[in-house]
Amino acid sequence: MKNYFLTLIAFCIILFSAKAQAPAQANPPKNTQKIAPGRIVHTDTTVVTKHTVTIKGQLISYTATAGMMPIWDEEGRPTAGVFYTYYERDGIQDKANRPLVISFNGGPGTPSVWMELGYTGPRMLNADDEGYPVEPYGFKENQNSILDVADIVYVDPVNTGYSRTVTPETPKAGFFGVNEDIKYLAEWINTFVTRENRWASPKFLIGESYGTTRVSGLALELQDAQWMYLNGVVLVSPTDLGISRSGPVSDALRLPYFAATAWYHKKLPADLQGKELTTILPEIEDFTINEYIPALSRGGYLSDDQKKAIAAKVARYSGLSEKVVEDNNLVISYNLFWKELLRDQGFTIGRLDSRYRGIDRQTAGDGPDYNPELTTWLQEFTPAINIYLRNELDYKTDLKYNMFGNVFPWDNKNDHTGENLRQAIAENPYLHLLIQSGYYDGACDYFNAKYSLWQLDPSGRLKDRLKWEGYKSGHMLYLRKDDLAVAAENLRKFILGAIPKQGQPAKY
C-alpha cells in the first residue's frame, strides 16, 4: 500500500472498565484531571473497576484498568503519558499459562478504540448486523470477546486517544516515525509487563491497519532490545509492511479486490456473478499473477491484439467497461475505481470498505469527494468510546479523546517491518503469524496481504507457522455480525494453538 493510504487508515481497538486508584496510595483521590494547554499532563494514573460479560454462554468476571503510564527519556524524566485499558479475567491463579494480548490500531494517528469496541474487548458499540450506526449511540456486551481465553491491553500511542506529551513543547521527533514509534512502544510494553507481573505469560501482539506495521516491527524490537519473546503476531488488514512492490506488480495486485467489490455490487458478468465470491477469486488471482503482471511489464510494446485481450479480461473481472480500461492503459487506479464502479447509479464507494456508498457533488470526476465508510465509523465509535470510558470505566478527564491525532510529519523512511517480522519468526521457533483480511478493503486489500505473506518468507521454511484468512467485510472485518463471530473464534483458536505443550522446547 502506498504510504499516503496508510495515513488515511484508522483502525481498530479500544474501550472498557475501571475505578479510581493512583499507584502507591491506599485511598487516592478521584482521578478527575483538568488539563489545560501548557499544563503538565498526569502521566501515571490508574482507575480500576469490576465487571462481568457473557462469552459463548459463560459468565466471565473481570477487572478493568484504565490509566496513563509514562514514557521516560534517557535521564529518567517522563516525556509523555500513554493511555491504556487493561482487562484481566478474575479467578485466574496461574498467570504463567494465561495469554496476554497487546493490541494496537493504526492511522498512524488513531487510538485502539476500533478493535477494543469493535472486535476483541468485552464491550462493543451499538450497531446493526452489518456495522452501520444505530441510535441511541453507546455500547453493549461483546459475547464474542476473546477475554475468556486471554487478558488484553489496548494501547494508544502518543497523541491518540488521551495519550499526550508532557507539555506541548516536548519534542515530537522521538514519537512520530516508523522506527521511533516501535522503539518507544517497546519500552512501554516492557514497563507494562513488568508492573503487571506478566513476564511468564504467553504473549501476543495484534495490530490493525498501520497497527500491523507497528506490531511487525515490535516483534523484533521486543526480542532484540527488550529480550521479550512472543508466541504470536496477528495482522488485521495489514499494510505493505515495507515490502517492495512497484510498477506493474503494484498496478496489477489490486485487481482481485476490484473483482470482489464488483461482485458485491452485482457488476460482474452473469456467469461470475452467479457463483460464490470465494469460488471466482482464484481464477482472478491466477490471471493477475500469470497474465496481467507480464502484460503490464511490456508497457507500450504490448501488441494491439494482446492489449485488447487483456483489457477485455480486466473489464470482465473489475466490472468496468473495456473503454475505461483501454483509456487508462490497462491500469485502473483505486480512486478511479471508487468513483467509476457505481457512477451510473450516482454513487461512489468506500475506500476502507467498498460496501459503503457515498454521494458526490457531481457525477463527473476521477475520485470520490469523501470516504463514506470512515465518516460512518466516526459517527458511531466516537460517542461510544467517550460514553464508555467516562461512564463504565470511570475515567474522567477534560482531555479530548483524539480519534485522529496530529502525528505529522510522520517519518516513513527505513520501513523494514516485514523483514523485521520475518527475522523475529526465524529467531523464535515459538512465534506464529495470523493474517486476517476483508475482501472489500481497498486501503489494505486482501491480495496485497497475500503477496506480503508470500514475500515474507521467500525460503518457504517458515510457512508452517504462517496463516492467512479472508472475510466478506472491509477494513474493519469484524463489523459484520457473522464475520465477527467467525474471526473471533479463529483468533481464539490461533492463540490457544500457538502456546506450546508443557515442556516443549523452542528449537529447530
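Below or above, wherever it landed, is the structure these notes cover. For clarity, every value in this text was computed on a predicted model and none was experimentally measured.

## Considerations on helix α4 (residues 210-225)
Next up, step 1: Between the first and last C-alpha of α4 there are 22 Å, a value that for 16 residues agrees with the 22 Å anticipated at 1.5 Å per step.
Next up, step 2: Of all the bends in α4, the greatest, near 30°, is centred on L218.
Next up, step 3: Burial of α4 is extensive: 13 of the 16 residues sit out of reach of the surface.
Next up, step 4: Immediately downstream of α4, the backbone of W227 shows phi near 60°, a positive value.

## Details of helix α15 (residues 481-497)
Next up, step 1: Under the 1.5 Å per step criterion, the end-to-end length of α15 is 24 Å for 17 residues, consistent within 8% with the ideal 24 Å.
Next up, step 2: Of the positions making up α15, those classed as buried are D483, L484, A487, A488, L491, R492, F494 and I495. Down the axis of α15, the smallest arc covering the buried residues is 165°, so these residues share one side. Facing away from the buried side of α15, by more than 90 degrees, are the exposed residues D482, K493 and G497.

## A few points about the pairing of strand β11 (residues 232-238)
Next up, step 1: Counting buried residues in β11 gives 7 out of 7 residues, a clear majority hidden from the surface.
Next up, step 2: Pairing of strand β10 (residues 203-209) with β11, which is carried by 6 bridges, proceeds in the parallel orientation. Residue pairing in the sheet places L205 in a bridge with V233 of β11.
Next up, step 3: Where the polypeptide runs from β10 across α4 and back to β11, its parallel neighbour, the crossover connection is right-handed.
Next up, step 4: As paired elements, β11 and strand β15 (residues 432-438) share 5 bridges and run parallel to each other.

Scoring rules and cut-offs
- Residues numbered from 1 in each chain as written.
- Predicted model: local features only at pLDDT ≥ 70, side-chain atom pairs only at ≥ 80, totals over all residues.
- Heavy atoms only, no water.
- Helix = DSSP H or I, 4+ residues; strand = E, 2+ residues; numbered from the N terminus.
- Expected span 1.5 Å × (residues − 1).
- Bend = angle between axes of the 7 residues up to and from the residue.
- Buried < 20%, exposed > 50% of the residue type's maximum accessible area, 1.4 Å probe, protein only.
- Arc of directions from axis to C-beta.
- Pairing = 2+ DSSP bridges.
- Right-handed = clockwise from strand over helix to strand, strands pointing away.

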